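Residues per chain are reported as follows:
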Amino acid sequence: MTVSLPFVFVLALVAWFAVKTLHIRPWLVVVLVLLGFYLQDTFLGPAIDSSTRTGVDVINDTTK
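Just so it is clear, the structure is predicted and the values come from calculations on it, not from any experiment.

Engineer: I'd like a description of the overall build of the protein chain, backed by residues and values.
Structural biologist: Check the secondary structure of the protein chain and you find three helices and zero strands. Element order for the protein chain, N to C, with α for helix and β for strand: α-α-α. By residue count, 3% of the 64 residues in the protein chain fall in the buried class.

Engineer: Which residues make up helix H1 (residues 7-21), and what are the values?
Structural biologist: The terminal C-alpha atoms of H1 lie 21 Å apart, and with 15 residues this matches the ideal 21 Å at 1.5 Å per residue to within 8%. Taken from the residues just after H1, His23 is the one with a positive phi, measuring 60 degrees.

Engineer: Requested: an account of unusual backbone geometry, with residues and values cited.
Structural biologist: The phi angle of most residues is negative, glycine excepted, and most peptide bonds adopt the trans form. If you check the backbone angles, His23 has positive phi at about 60 degrees while not being a glycine. Inspection of the secondary structure puts His23 in the loop between H1 and helix H2 (26-40). Judged by relative accessible area, His23 falls into the exposed class, the value being 66%.

Engineer: Run through a nonpolar patch on the surface, naming residues and quoting values.
Structural biologist: Together, Leu5, Phe7, Phe9, Val10, Leu11, Leu13 and Val14 line one region of the surface with nonpolar side chains, adding up to about 620 Å² of accessible area. Secondary-structure assignment places Leu11 in helix H1. Classification of Leu11 as partly exposed rests on a relative accessible area of 46%.

Engineer: Explain the pattern of salt bridges residue by residue, including any values.
Structural biologist: Here the structure, examined in full by the defined rule, presents one salt bridge. As a salt-bridge pair, Arg53 and Asp49 come within 3.2 Å of each other at their nearest N and O atoms. Taken together, the positions of Arg53 and Asp49, both in helix H3 (residues 45-60) and four residues apart, correspond to about one turn of that helix. What makes Asp49 partly exposed here is its relative accessible area of 38%.

Thresholds applied
- Residues numbered from 1 in each chain as written.
- Predicted model: local features only at pLDDT ≥ 70, side-chain atom pairs only at ≥ 80, totals over all residues.
- Heavy atoms only, no water.
- Helix = DSSP H or I, 4+ residues; strand = E, 2+ residues; numbered from the N terminus.
- Buried < 20%, exposed > 50% of the residue type's maximum accessible area, 1.4 Å probe, protein only.
- Expected span 1.5 Å × (residues − 1).
- Patch = residues over 30% accessible without salt bridge, like charges linked within 9 Å, V, L, I, M, F, W, Y side chains within 5 Å.
- Areas by Shrake-Rupley, 256 points an atom, 1.4 Å probe, with all protein chains shown as cover.
- Salt bridge = Lys/Arg side-chain N within 4 Å of Asp/Glu carboxyl O.

This is the structure we're talking about:
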(Lines give C-alpha, C1' and ligand atoms only; values in the text may rest on other atoms or scores of the structure.)
Protein backbone atom coordinates (compact mmCIF):
# COMPACT_ATOMS: atom_id res chain seq x y z
CA MET A 1 0.00 0.00 0.00
CA THR A 2 1.38 3.37 -1.05
CA VAL A 3 0.62 6.48 0.95
CA SER A 4 0.89 9.79 -0.86
CA LEU A 5 1.58 12.85 1.28
CA PRO A 6 1.78 16.33 -0.25
CA PHE A 7 5.09 18.07 0.33
CA VAL A 8 3.29 21.24 1.43
CA PHE A 9 1.60 19.25 4.20
CA VAL A 10 4.97 17.94 5.37
CA LEU A 11 6.38 21.47 5.44
CA ALA A 12 3.33 22.68 7.38
CA LEU A 13 3.91 19.95 9.96
CA VAL A 14 7.56 20.95 10.28
CA ALA A 15 6.54 24.59 10.78
CA TRP A 16 3.96 23.62 13.40
CA PHE A 17 6.54 21.46 15.18
CA ALA A 18 9.05 24.33 15.13
CA VAL A 19 6.54 26.77 16.60
CA LYS A 20 5.40 24.38 19.34
CA THR A 21 8.64 22.74 20.42
CA LEU A 22 11.43 25.08 19.39
CA HIS A 23 9.44 28.14 20.46
CA ILE A 24 9.89 29.88 17.12
CA ARG A 25 7.52 32.80 16.86
CA PRO A 26 4.65 32.37 14.36
CA TRP A 27 5.42 35.71 12.70
CA LEU A 28 8.86 34.37 11.77
CA VAL A 29 7.25 31.40 10.03
CA VAL A 30 5.03 33.82 8.09
CA VAL A 31 8.06 35.90 7.09
CA LEU A 32 9.88 32.80 5.85
CA VAL A 33 6.84 31.72 3.82
CA LEU A 34 6.67 35.15 2.22
CA LEU A 35 10.39 34.96 1.48
CA GLY A 36 9.76 31.69 -0.33
CA PHE A 37 7.09 33.33 -2.49
CA TYR A 38 9.47 36.15 -3.38
CA LEU A 39 12.31 33.73 -4.16
CA GLN A 40 10.01 31.82 -6.49
CA ASP A 41 9.83 34.83 -8.81
CA THR A 42 13.60 35.35 -8.99
CA PHE A 43 16.20 33.51 -11.04
CA LEU A 44 16.62 31.13 -8.09
CA GLY A 45 13.07 29.79 -8.47
CA PRO A 46 13.83 27.06 -11.03
CA ALA A 47 16.95 25.96 -9.13
CA ILE A 48 15.03 25.69 -5.87
CA ASP A 49 12.23 23.76 -7.58
CA SER A 50 14.67 21.39 -9.27
CA SER A 51 16.66 20.70 -6.11
CA THR A 52 13.48 20.15 -4.08
CA ARG A 53 12.14 17.68 -6.65
CA THR A 54 15.50 15.89 -6.75
CA GLY A 55 15.57 15.64 -2.95
CA VAL A 56 12.03 14.24 -2.83
CA ASP A 57 12.89 11.74 -5.58
CA VAL A 58 15.96 10.58 -3.66
CA ILE A 59 13.94 10.14 -0.48
CA ASN A 60 11.19 8.28 -2.36
CA ASP A 61 13.75 6.38 -4.44
CA THR A 62 11.94 7.30 -7.66
CA THR A 63 14.84 8.68 -9.67
CA LYS A 64 14.28 8.71 -13.42
